[in-house]
Amino acid sequence: MSYEMDGQIVTTRAVLLCCALLGISPVLAQTHSTESQDQWHYTGAVYLWGASLGGRTLNGSEAEVEFSQLIDSLEMGFMGAFEARKGMYSIFTDMIYLDFAASDTANLSIPVGPVQLPVKTATELDQTVKILTLGGGYEIYAAGHNRLDLIGGLRYFDIDMDLYMALESLGPGQSRTVSESPTSWNGIVGLKGRTSLSEHWYLPYYIDVGTGESKLTWHASAGIGFQAGNAWDLWLLYRHLELDLDSTRLIDKIDMSGPTMGVIYRW
């Protein structure tokens, strides 16, 4: 971990848990384009995004934390998606709920005149993250098992964060609690589709870009899927998401990258 002192202490883990997975991806593998056009077809998925997280604070400090560190702090979580399709039209939703609790200590040196003053710091973070994407799609290309949809919708996130920081070695009273509850709505547009490789193997892909109460957000994923049966699919994707927040917040930029594994059920 790395730390910077400029009137406040920001730990790497506290900074990046704050972002806690600010973007979600409707990554449902798409069903065959040869399906009945006059009936509703449904797809549900649960998945795990093993992302490493990067962030930039308001003062320009960069930080990064690995997925293994995040999972150690996770108390409860859910990642899932749902899609309903009829003919050329579809609607979808995707939700992430994460509840984090983390604590950490570090030994720092603060320059005081010609000497370095050793200081022990302690941080505690409690955070709840709720992220929801709602959208719809229109099929603009279909050939056999290949499909491409034009999509549009909304992405919402709500973060409740309480960060406690203390300079333990300087005695009582040398502490601070930072509380933030940023929320944001962003409109998104993009494409999602699949390219068939064989009867069972296919390549799912997704990309969107948007703005609104955030400056800019974009998200892309691609990988490989396997149709294990009439109702079940498995897939492995690589996903990247970036979010530029407004400049008045403690964290003004977040990026996430990593593999995603999921299970899909169709009916």
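The preceding data block contains the structure.
Residues numbered from 1 in each chain as written. Predicted model: local features only at pLDDT ≥ 70, side-chain atom pairs only at ≥ 80, totals over all residues. Heavy atoms only, no water.

Asker: Please clarify how the overall build of the chain should be interpreted in this entry.
Answerer: Helix and strand counts for the chain stand at 2 helices and 13 strands. Buried positions account for 49% of the 267 residues belonging to the chain. Intrachain contacts of the chain at a sequence separation of at least 6 include 65% that bridge at least 24 residues. Looking at the chain as shown, the accessible area adds up to about 12,200 Å², and 59% of this sits on carbon and sulfur atoms. (Helix = DSSP H or I, 4+ residues; strand = E, 2+ residues; numbered from the N terminus. Buried < 20%, exposed > 50% of the residue type's maximum accessible area, 1.4 Å probe, protein only. Contact = heavy atoms within 4.5 Å. Areas by Shrake-Rupley, 256 points an atom, 1.4 Å probe, with all protein chains shown as cover.)

Asker: Any chance you could explain the environment of Ser-90 here in plain terms?
Answerer: Here Ser-90 is to be found in strand E5 (residues 89-112). Taking the C-alpha atoms as reference points, Ser-90 and Tyr-138, separated by 48 residues in sequence, lie 6.5 Å from one another. Ignoring any residue separated from it by four or fewer positions in sequence, one finds Ser-90 in contact with Glu-83, Ala-84, Arg-85, Gly-135, Gly-136, Gly-137 and Asp-149.

Asker: What's the story with the side chain of Arg-266 in this structure? I'm lost.
Answerer: Within the fold, Arg-266 resides in strand E13 (residues 251-266). Residue classification places Arg-266 among the buried positions, given a relative accessible area of 13%. Within the local environment of Arg-266, its side chain forms a polar contact with the backbone oxygen of Asn-230, the two atoms lying 2.7 Å apart. For Arg-266, the side chain forms a polar contact with the side chain of Asp-233, separated by 2.3 Å. (Polar contact = N/O pair within 3.5 Å; in protein donor to acceptor, adjacent residues only side chain to side chain.)

Asker: Honestly, the packing of aromatic side chains in this entry has me stumped. Any pointers?
Answerer: Two descriptors summarise a pair of aromatic rings, namely the distance from one centre to the other and the angle between the planes of the rings. Going through the model one piece at a time under the given rule, you end up with 9 aromatic pairs. With 5.8 Å between their ring centres and 25° between their planes, Tyr-42 and Trp-267 make a pair best called stacked. Taken together, the residues Tyr-42 in strand E1 (residues 41-49) and Trp-267 in the segment after E13 connect sequence positions 225 residues apart. Aromatic side chains Tyr-47 and Trp-235 sit 6.3 Å apart centroid to centroid with 40° between the ring planes, which places their arrangement in the tilted category. In this pair, Tyr-47 is assigned in strand E1 and Trp-235 in strand E12 (residues 232-244), connecting sequence segments 188 residues apart. The residues Tyr-47 and Trp-235 share a single accessibility class, namely buried. Grouped by ring-pair contacts, the aromatic residues Tyr-42, Phe-82, Trp-232, Tyr-265 and Trp-267 constitute a single cluster. The positively charged end of Arg-194 is found above the aromatic ring belonging to Tyr-202, 3.9 Å away from the centroid. Over the aromatic face of Trp-49 sits the side chain of Arg-239, whose NZ or CZ is 4.0 Å from the ring centroid. (Phe/Tyr/Trp six-rings, centres within 6.5 Å; stacked < 30°, edge-to-face > 60°. Lys NZ or Arg CZ within 6 Å of the ring centre and 35° of its normal.)

Asker: Would you explain the environment of Leu-216 in this entry?
Answerer: Assignment of secondary structure puts Leu-216 in strand E11 (residues 216-227). Residues Leu-216 and Leu-243, 27 residues apart in the sequence, show an inter-C-alpha distance of 6.0 Å. With residues up to four places along the chain from it excluded, the contact list for Leu-216 reads Val-209, Gly-210, Thr-211, Glu-242, Leu-243 and Asp-244.

Asker: Explain the environment of Leu-241 here, please?
Answerer: You can see Leu-241 is positioned in strand E12. What makes Leu-241 buried here is its relative accessible area of 0%. Spatially, the C-alpha atoms of Leu-241 and Ile-254 are 8.1 Å apart, while their sequence positions differ by 13 residues.

Asker: Honestly, the side chain of Thr-260 in this entry has me stumped. Any pointers?
Answerer: Following the sequence through the fold, Thr-260 ends up in strand E13. Beyond its immediate stretch of four places on either side in the chain, Thr-260 contacts Tyr-47, Leu-48, Trp-49, Trp-235, Leu-236, Leu-237 and Arg-239.

Asker: Even after reading the chapter, I still don't get a nonpolar patch on the surface, so can you show me in this structure?
Answerer: Among the surface-exposed residues, Val-46, Phe-78, Phe-82, Met-95, Trp-232, Leu-234, Val-263, Tyr-265 and Trp-267 lie close enough to one another that they form a single nonpolar patch of about 840 Å² accessible area. Mapped onto the nonpolar patch, the elements with two or more residues apiece are strand E4 (74-86), E12 and E13. Checked against the element boundaries, Met-95 lands in strand E5. Of the residues examined, Met-95 reaches a relative accessible area of 38% and is grouped as partly exposed. (Patch = residues over 30% accessible without salt bridge, like charges linked within 9 Å, V, L, I, M, F, W, Y side chains within 5 Å. Salt bridge = Lys/Arg side-chain N within 4 Å of Asp/Glu carboxyl O.)

The quantities given are spatial measurements derived from coordinates; they are silent on function.
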